[in-house]
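Notes for the structure review
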Amino acid sequence: MRATLRIVRESLILGFAEMRAVYTWRTWTFGWLVRLLCQAAFYALLGRYVGDDATMRYVLVGNIVVLACMEATIVVISLAGERRIGTLPLLAITPSGHLPVYLGRGLQWTATGLTSSLVAWCALPPLLGAPLPWPRAAYAAPVIVLILASSYGYGCALAGVALRTRGVEWLVLNLAYGIVMTFGGVNVPVTVWPAPLRIAVNALPVVHGLQAVRGILDGAPPGHVLRLLGAEALVGASWYAVAALSMERLVSAGRRDGSLGHAG
């Protein structure tokens, strides 16, 4: 456990050092963060245009929460970058084992994702004239942490695809996020989809967590909310298991044929 916590700490230090090479606090705040806020506001205003104030709030809540998923899945790019520059084998030979290192490679995106979602959660509803019901909104906000965790596992699992097929990381990232945003109840309820698709989307992150957030805001019974949180945690754990298996097979194959060290 101590070694794992040390890896988490070092991963965050590395991740934020990497971000500082790309962003200053001004460019991140007024570039990246404002871009995310504008995206959520755009969909919310579109919801008002095609519906009413209730539709706008539904869409706004969904798009604020899904920002966490969007940023968490950027781990796909972080891991693919390690292979592109030829440093992936160095992660595979760490004394503590490669899985904690691989799974920790994009942790900085969970920190920025939480920041983005919480800023949007507090700023956008009053700004757009759709205030959330407080203090229930405060109780719903911590669910974003669970959604971040499950989305990060989802991103790590899909990173296994990007690591096997070089040059597709941006396609994988955008498909991963786009599928959740389209089918996961962000802009329209999951119930609008055909039954087979409704069943399939239950395997996606965000779906159950977002329903729990909406339930808290609407005053749903605690038992109902807890069941949804349990489902979100189960989905997240399943994606971490897929990620661990995928990366284990990638490393095993790479050690046998030497392919792990080939830069893209």
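Preceding block: the structure.
This report concerns the structure included in the present document. Each chain has its residues counted from 1, following the order in which its sequence is written. Owing to the predicted nature of the model, reporting of local features is limited to residues with pLDDT of at least 70; listing and counting of side-chain atom pairs is limited to 80 or more, with chain, interface and lining totals taken over all residues. The side-chain values count all of the structure's non-hydrogen atoms but skip hydrogen atoms and water molecules.

1. Comments concerning helix 3 (residues 53-72)
Under the DSSP-based scheme used, a helix requires at least four consecutive residues in state H or I and a strand at least two consecutive residues in state E, with every element numbered from the N terminus. Here a helix's expected span is defined as the number of its residues, less one, multiplied by 1.5 Å. Along its 20 residues, helix 3 runs 29 Å from first to last C-alpha, staying within 8% of the 28 Å computed at 1.5 Å per residue. Largest kink in helix 3: about 25°, centred on Val66. Each residue gets one of three labels from its accessible area relative to the maximum for its type: buried under 20%, exposed over 50%, partly exposed in between, using a 1.4 Å probe on protein chains only. Of all 20 residues making up helix 3, 15 are buried, and the element is well covered by its neighbours. Measuring from the side-chain oxygen of the N-cap residue of helix 3 to the backbone nitrogen of Ala54 gives 3.2 Å; that N-cap residue is Asp52. To obtain the bend at a residue, axes are fitted to the seven residues ending there and to the seven starting there, and the angle between these axes is taken. Side-chain atoms alone can form a polar contact between residues adjacent in sequence; in general such a contact is a pair of N or O atoms within 3.5 Å, and within protein one must be able to donate a hydrogen while the other accepts it.

2. A short note on the nonpolar core
Counting 75 residues, the largest nonpolar core has Val61, Trp121, Leu124, Val213 and Leu217 as its most contacted members. With 12 residues, helix 9 (residues 143-164) is the single largest residue contributor to this core. Ignoring sequence-local partners within four residues, the contact set of Leu217 consists of Arg57, Val61, Trp121, Leu132, Pro133, Arg136, Ala137 and Ala140. Here, nonpolar core means buried Ala, Val, Leu, Ile, Met, Phe, Trp, Tyr and Cys residues that are tied together by side-chain atoms lying within 4.5 Å of each other. We call two residues contacting when some pair of their heavy atoms lies within 4.5 Å.

3. Some remarks on unusual backbone geometry
The residue after Trp134, namely Pro135, is reached through a cis peptide bond having omega 10°. Examined against the element boundaries, Pro135 turns out to sit in the loop between helix 7 (107-127) and helix 8 (136-140). Positive phi outside glycine occurs at Val206, with the angle close to 80°. A relative accessible area of 0% means that Val206 is categorised as buried.

4. Section: the packing of helix 2 (residues 25-50) against helix 7
One can describe the packing of helix 2 onto helix 7 by two numbers: an axis separation of 10 Å at closest approach and a directional angle of 55°. Judged by the angle between their axes, helix 2 and helix 7 are oblique. Crossing hand, helix 2 versus helix 7: right-handed. Across from Trp28, Trp32, Leu33, Leu36, Leu37, Ala40 and Ala41 in helix 2, the residues of helix 7 making contact are Thr112, Thr115, Ser116, Val119, Ala120 and Leu124. The angle between two axes is taken between their N-to-C directions and runs from 0 to 180 degrees, where each axis is a line fitted to C-alpha atoms and a helix contributes only its stretch in contact. Note on angle classes: values under 35 degrees are labelled roughly parallel, values over 145 roughly antiparallel, values of 65 to 115 roughly perpendicular, and the remainder oblique. Crossings are classed by handedness, with left-handed meaning an anticlockwise turn of the near helix from the far one by less than a right angle and right-handed meaning a clockwise turn.

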